[in-house]
Structures are given as C-alpha cells and as structure tokens.
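A look at the structure
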Amino acid sequence: MPRSVVTALLRTSVGWPQQTLSTAVRCNAPLSRALHSSQYKAAVAHPITAHGPPPKAPSPIPDFSQPSEQQTDSKEIRREGESRPSIKKPKALKKRFWKDVDVQKKQGGDYQVLLDARPVRTPAKSILSIPSSKPHLAHAIALEWDVMNTAQQALKNHMIPLTSLTARAADIVQEDSEDVATVRNQIVKTAMDYLETDTLLCWVPEQTEFPADDVDENGQKRETLREAQMRVANDIIAFLSTKVWPGIDIVPVLDGDSIFPASQAQATKEIIEHWIRGLEAHDLAALERGILASKSLLVAARLVTEWSENFRALQSSGQKKFGIEEAAEASSLEVRWQTDMWGEVEDTHDVDKEDLRRQLGSVILLVSGETR
C-alpha cells in the first residue's frame, strides 16, 4: 500500500496529529501497535437467574368504560361455576336491642339497671348491683344506656364511664367476699407508684428574678408558677395531714435543681398504704380512677374523702371546698399556666380538659351517697 494512503487512513480513523503521523511513516514504525494499543479483555458471562418467559410489554391504562381483559376473564371463570372469592364487608353498627331503660330496687335493697327486662351485667357476666345508698348512681348509669344509639357503643369505656367504674367496684366486692385481694393489691401498688412522682409534689425551680412582663396592670408582681404550685399543694397536704393521715410529713418529690425525684419517709409510705388497703370497694375503685385521671394520689385521696359517704366524719357541715373544678385545677396547674400564656391547641387542650372533669365527676358520683 502506498505510504500516502496509509497516512490518510491513520489521520481519519485514529486522529493522530500530522507531525506524529509523518514521524511514524518515516521511521517505518509498526502500524499494528498504533491500531491495537489497548489490551485484550475476555468477556464475563453472568449467570442467568430469571426463569420463565420474558415479561410482557407495558400496556396503557385501560379505559374503565370498556371491560378489561381481566374483567372478561373473571366473568368467564364465574360462568364455569367457580365460586367468587369472598370479601369480608365491615359489619354495620347494630341497633340497640332494648327500647326502655329502667332502675329497679331489688328485694335485697340494691339497685339494678334494666334494659327492658334484662339487667345490665359486668364483664364477668354477673349482674351489676348498685348499693341502696346510691340511687343517684343507679339513675346516672341508666342515663348512660338510655342515650346510646347502637349496641357497639356499650363496648367503649368512654361511653360508659360510670358503668365501667361501678363494675370495677363490683369486682372488688366479689373478691372481698371470696377472701381474694388480687385487684386490691394491684390498686395499692399503682397508688404507691404514683406517690413517688406525684404531680402535685413536682415544683418548678425557684427564680431569683422575675422579668418585667410578670407584673400586672397595677405594677404588682404576678404569682409565679412555683408559688401557685406551693399554694395548691400545701392546702391539700394540710387537709390530708390533719384529717386523713394525722401527723405524717409529705415533702415535694421534685424541687430545686435536682432531676431525681425524692422519696417519702418510710413511715409516711406505710401509713398511706395501710389507709388505701382498708378502703371500701367503691372508694378504692374511685381512688384508682382519680389517680389515673389526675396523676396524683394526693388529689384523688382528698377528692374521695371530701365526697365519700364513708368519711362523713371528716367532712365539714357546710359547702364542700374541694370538688371537680378544684381537683382539675390542682392536677393540671402547669398546663393551665402555659395555655394562659401561649394559648390552647384546638381539639387537644380543650378535649383533655373536659375529659379530666368527666373522669373526676365519675369519682364523686361513685363514692357519694344520700344526704342524711
């Protein structure tokens, strides 16, 4: 092949500079090295892991106005006699199976709530019995069942707070008659655990200075959160330490800069535990709900003693000073303080506020009796 032809081929295929090509041609350089300068690499055959035929090509979205191939196939299958796959539909809410709700006093003296002619029963299938001294409780339970629209509502505890609470007391009565203390021991343990972190005894640290916005329109210093906590707590502690547990010393469990809760004295814990263990069944069930609602054993203990028919000797002859509003304020003092400053979250703080009062109201209804 002529040298000029080789030079032209190299320039167009490889793109070498003119100077380099001329030098290679003049020096009779081996042209094979210029065309094959890279090393040979063997191909790697990867194993085939897929099985079966290749997937079908993607198809456009079917037009729902025309029956698709899958729908046509399903119709043909049903024509051949094969059963259609069963799909469980959600059960519709059943209507209430009773028309009238009535309160009846049995021969033994206790009240029963009747759905037509059938008495309301506890989860343990026993007839719900209300003491003869609590007719208002029986009528309140009857009202709970009278306002129901469906039978499924009876399965929700928030729809029947008084019924569930009275059933809890009935379980304690049943265990006491059988000399069993399973539920009682459980409530005592829960109450003593809450005493270690009682919300009434957790105070914010003391502030040496207060900002300028903590002054009211008259220039007077507003009550701080710590001062409000101490005021409410000391009032309840004074009542309990003089009338319910005389002589005991209750100290704040979280105060100052400490992050670890302090513990009450052993003598204090023994006196409180002995008092809880000796409560009547309805008072014990009410105390449990009050503790769980308020997160405070002290708030629940004062609420029970202020309203229970079994503690009339400790109650003042005049108007009671500690009711639903006072117990709710004591147990949610810090939340109220923050919402007053920053505002409420809709459907959160307002719902919690009403639910707390509903729970505390059920405590009062369960323990109180007829006025003598």
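Here the structure is a predicted model, which is why all the values come from computation and not from measurement. (Residues numbered from 1 in each chain as written. Predicted model: local features only at pLDDT ≥ 70, side-chain atom pairs only at ≥ 80, totals over all residues. Heavy atoms only, no water.)

**A look at the packing of aromatic side chains**
Evaluated as defined, the whole model comprises 4 aromatic pairs. Centre to centre, the rings of Trp 98 and Trp 145 are 5.6 Å apart; their planes meet at 65 degrees, and the pair counts as edge-to-face. Of this pair, Trp 98 sits in the loop between α4 (69-79) and β1 (101-105) while Trp 145 is found in helix α5 (residues 135-146), placing the two residues 47 residues apart along the sequence. Note on Trp 98: relative accessible area 2%, which makes it buried. Following the ring pairs from residue to residue traces out a cluster consisting of Phe 97, Trp 98 and Trp 145. Over the aromatic face of Phe 239 sits the side chain of Arg 302, whose NZ or CZ is 4.5 Å from the ring centroid. (Phe/Tyr/Trp six-rings, centres within 6.5 Å; stacked < 30°, edge-to-face > 60°. Helix = DSSP H or I, 4+ residues; strand = E, 2+ residues; numbered from the N terminus. Buried < 20%, exposed > 50% of the residue type's maximum accessible area, 1.4 Å probe, protein only. Lys NZ or Arg CZ within 6 Å of the ring centre and 35° of its normal.)

**With respect to the confidence of the model for the protein**
With 73% of its residues at a pLDDT of at least 70, the protein reaches an overall mean of 81. Residue range residues 12-16 is modelled with pLDDT below 50. Its contacts to residues more than four positions away, or to other chains, number 7 contacts. For the stretch residues 29-35, pLDDT sits under 50, and the model shows 6 contacts to residues farther than four places along the chain or on other chains. (pLDDT = per-residue confidence, 0-100. Contact = heavy atoms within 4.5 Å.)

**Examining the nonpolar core**
Of all hydrophobic cores here, the largest spans 72 residues; its most connected members are Ile 236, Trp 245, Trp 275, Ile 276, Leu 287 and Leu 298. The dominant element in this core, judged by the number of residues it contributes, is helix α8 (residues 225-244), at 8 residues. Each of domain 1 (101-175) and domain 2 (181-206 + 222-367) accounts for three or more of the residues forming this core. If sequence neighbours within four positions are ignored, Ile 276 has contacts with Arg 184, Val 188, Ala 191, Met 192, Leu 284, Leu 287 and Leu 297. (Core = buried A, V, L, I, M, F, W, Y, C linked by side-chain atoms within 4.5 Å. Domains from an automatic or database assignment.)

**Focus on unusual backbone geometry**
One non-glycine residue, Lys 125, lies in the positive phi region at around 75 degrees. Relative to the assigned elements, Lys 125 resides in the loop between β3 (118-119) and α5. Accessibility expressed as a relative area gives 65% for Lys 125, which makes it exposed. Residue Asp 179 is not a glycine yet carries a positive backbone phi of 60 degrees. As for its placement among the helices and strands, Asp 179 is situated in the loop between α6 (161-177) and α7 (182-196). A relative accessible area of 72% places Asp 179 in the exposed class.

**Side note on the pairing of strand β2 (residues 111-115)**
For β2, a buried count of 5 out of 5 residues is recorded, marking the element as mostly surrounded by other parts of the structure. The alternating pattern of β2 places Tyr 111, Val 113 and Leu 115 on one face and Gln 112 and Leu 114 on the opposite face, and all of these are buried. In this sheet, β2 lies alongside β1 in antiparallel orientation, the contact comprising 5 bridges. Bridging across to β2, Val 101 finds its partner in Leu 115. In terms of strand pairing, β2 meets β3 through 2 bridges, oriented antiparallel. Bridging from a neighbouring strand, Leu 114 pairs with Pro 119 of β3. The hairpin formed by β2 and β3 contains 2 residues between the paired strands, and Asp 116 there has a positive phi angle of roughly 60 degrees. (Pairing = 2+ DSSP bridges.)

**Some words on helix α11 (residues 297-307)**
Most of α11 sits inside the fold, with 10 of its 11 residues counted as buried. Along α11, the positions that sit buried rather than exposed are Leu 297, Leu 298, Val 299, Ala 300, Ala 301, Arg 302, Leu 303, Val 304, Thr 305 and Glu 306. Here the buried face of α11 lies against α7, α8, α9 (266-277), α10 (281-294), α12 (324-331) and α14 (349-367). Of the residues flanking the start of α11, the one acting as N-cap is Ser 296, its side-chain oxygen 3.4 Å from the backbone nitrogen of Leu 298. (Polar contact = N/O pair within 3.5 Å; in protein donor to acceptor, adjacent residues only side chain to side chain.)

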